[in-house]
Amino acid sequence: MADDDDIGLEDESGDTRTATVEAAAKTRFDKLVAEAFPDVSRSRLKALIEAGAVSVDGAVVTDAAKKLAGSLALAVLVPPAEDAEPQGEDIPLDVVYEDDDLIVIDKPAGLVVHPAAGNWTGTLVNALIAHCGDSLSGIGGVRRPGIVHRLDKDTTGLMVVAKNDRAHAGLAAQFADHGRTGPLERGYLALVWGSPEPFRGVIEAPLGRSSSDRTKMAIIRGGGGKEAITHYEVAERFPAEAGRGAVASLVECHLETGRTHQIRVHLSAAGHPLVGDAVYGSHFLTKANRLPEAAASAVRAFSRQALHAFLIAFEHPASGELLRFESGLPPDMADLVAAFREL
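Predicted model, so just to flag it, every value in this text is computed and none were measured.

Asker: When you look at helix 4 (residues 165-177) in this model, what are you seeing that I'm missing?
Answerer: For an α-helix, 3.6 residues make a turn, and residues three or four places apart therefore share a direction. For helix 4, with 13 residues, the first-to-last C-alpha span of 18 Å sits near the 18 Å given by 1.5 Å per residue. Within helix 4, burial applies to D165, A167, H168, L171, Q174 and F175. On its buried face, helix 4 sits against helix 2 (42-50), strand 6 (102-107), strand 7 (156-162), strand 8 (185-193) and strand 14 (307-315). A side-chain oxygen of the first residue of helix 4 lies 3.2 Å from the backbone nitrogen of R166; this N-cap is N164. Two residues or fewer past helix 4, H178 is found with a positive phi of approximately 60°.

Following this line, the structure appears as structure tokens:
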């Protein structure tokens with residue numbers, strides 16, 4: 001569709017929003033629109049621009065990068081929210097906090113966050129659609145309504161989900177910033193083999209898709225990888241008196257970036273893969289054979305990576321209040337840690 005195609009937005013169904021902006025210098029169209037309608041997420045506005053639902057002085061503009069200046073009358077047709085492709089399913093949720101803007105849940109192991117190949121049903125999104133109904137944020141038709149971050153299927157712990165576009169935009173901005181200039185904080189507890197040295201430090205190594213296995217992530221040196229920074233501190237060693245000779249350790253991790261499998265890859269590359277991680281710690285699977293029977297049995301029975309998102313803190317996108325939530329270890333990981341404490 002050409003930039004100067006004159007389409008009457010009022011002929012379409014939906015809610016037409018208008019605003020007049022003053023651009024002293026040439027400014028990107030998508031930036032002008034985002035500043036004029038801050039309660040609508042940037043991703044949704046981008047989709048609306050590309051769909052021909054945004055006009056300037058009555059003329060549709062579909063080029064988000066187009067530079068404009070002067071006094072401009074903007075109109076955005078916000079279509080009525082469509083049902084997300086996934087259907088609501090009656091899946092129990094452990095709700096830690098909820099208000100009109102967002103919901104914080106404690107995700108169990110085995111729950112996939114959003115539908116994808118091989119997991120079109122039974123996901124957190126299916127559960128959220130049933131729980132939140134029409135309030136859930138999301139551009140019509142997407143498979144990730146409200147999702148601003150995610151946890152691996154077998155990682156447990158705290159997640160925040162947006163329930164409207166304003167909350168989605170505010171939370172997404174905080175996660176994009178990774179807490180570098182704002183209050184966002186994410187903390188994880190990982191049970192790893194051995195004991196990282198030094199006991200407190202930073203792992204900074206870029207991550208990307210493995211060239212040998214595209215389902216795995218890997219450290220990519222020499223360009224091509226995305227910045228990835230993990231802060232860690234050994235919280236407990238097993239046995240406690242072993243010091244550097246510890247069999248395993250409980251490690252607290254805080255993310256400065258949020259790459260796929262970041263903690264798992266970083267700790268594995270440091271020589272301390274997570275207990276139970278069959279993807280990045282398969283070379284340590286025989287470690288259980290050297291443990292006393294009680295601990296060995298606990299490791300064999302633990303069929304996932306030992307990783308729990310125990311902390312999340314962020315600024316409420318509507319009230320500005322700092323919210324902070326913590327979650328204790330789930331029973332299966334608590335039992336595993338208890339078995340190592342008996343060493």
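Next comes the rest of the description.
Asker: It is not clear to me how the sheet that holds strand 1 (residues 15-28) should be interpreted in this structure. Could you clarify?
Answerer: One key point about sheets: their strands pair by backbone hydrogen bonds, in either a parallel or an antiparallel sense. Pairing is antiparallel across the open sheet formed by four strands, whose spatial order is 1-4-2-3. The sheet is open, and its two edges are formed by strand 1 and strand 3 (59-60), each paired on a single side. Note that strand 2 (residues 54-56) and strand 3 share two bridges and pair antiparallel. Residue pairing in the sheet places V56 in a bridge with A59 of strand 3. Here helix 1 (residues 29-36) sits on the sheet in contact with strand 1, strand 2 and strand 4 (67-78), set at roughly 130° to strand 1. Sheet contacts for helix 2: strand 2 and strand 4; angle to strand 4, the most-contacted strand, approximately 95°.

Asker: Before we go on, may I ask you to explain the pattern of salt bridges in this structure?
Answerer: Charged atoms that come close allow side chains of opposite charge to pair. In the structure shown here, the tally under the stated rule is 17 salt bridges. One salt bridge connects R44 with D165, and the closest N-O pair in it is separated by 2.6 Å. Of this pair, R44 sits in helix 2 while D165 is found in helix 4, placing the two residues 121 residues apart along the sequence. Like R44, the residue D165 is buried in the burial classification. One salt bridge connects R304 with D332, and the closest N-O pair in it is separated by 2.9 Å. With R304 in the loop between helix 6 (293-301) and strand 14 and D332 in helix 7 (residues 331-341), this residue pair connects regions lying 28 residues apart in the sequence. Given a relative accessible area of 4%, R304 falls into the buried group.

Asker: Is there a simple way to think about helix 5 (residues 262-269) in this case?
Answerer: Judged by how many residues are buried, helix 5 sits mostly within the fold: seven of eight residues are covered. Of the positions making up helix 5, those classed as buried are Q262, I263, R264, V265, H266, L267 and S268. Positive backbone phi, approximately 90°, marks G271, located one or two places after helix 5.

Asker: What exactly am I supposed to notice about the packing of aromatic side chains here?
Answerer: The description of two aromatic rings rests on the distance between their centres and on the angle between their planes. Scanning the model with the defined rule gives four aromatic pairs in all. Here the aromatic rings of W193 and F340 are separated by 5.9 Å at their centres, their planes lie at 75°, and the arrangement is edge-to-face. Taken together, the positions of W193 in strand 8 and F340 in helix 7 put the pair 147 residues apart, joining distant regions of the chain. Arranged with centres 6.2 Å apart and planes meeting at 35°, the rings of F314 and F325 form a pair that is tilted.

What counts, and where the lines are drawn
- Residues numbered from 1 in each chain as written.
- Predicted model: local features only at pLDDT ≥ 70, side-chain atom pairs only at ≥ 80, totals over all residues.
- Heavy atoms only, no water.
- Helix = DSSP H or I, 4+ residues; strand = E, 2+ residues; numbered from the N terminus.
- Expected span 1.5 Å × (residues − 1).
- Buried < 20%, exposed > 50% of the residue type's maximum accessible area, 1.4 Å probe, protein only.
- Contact = heavy atoms within 4.5 Å.
- Polar contact = N/O pair within 3.5 Å; in protein donor to acceptor, adjacent residues only side chain to side chain.
- Pairing = 2+ DSSP bridges.
- Axes fitted to C-alpha atoms, helices over the stretch in contact; angles between N-to-C directions.
- Salt bridge = Lys/Arg side-chain N within 4 Å of Asp/Glu carboxyl O.
- Phe/Tyr/Trp six-rings, centres within 6.5 Å; stacked < 30°, edge-to-face > 60°.

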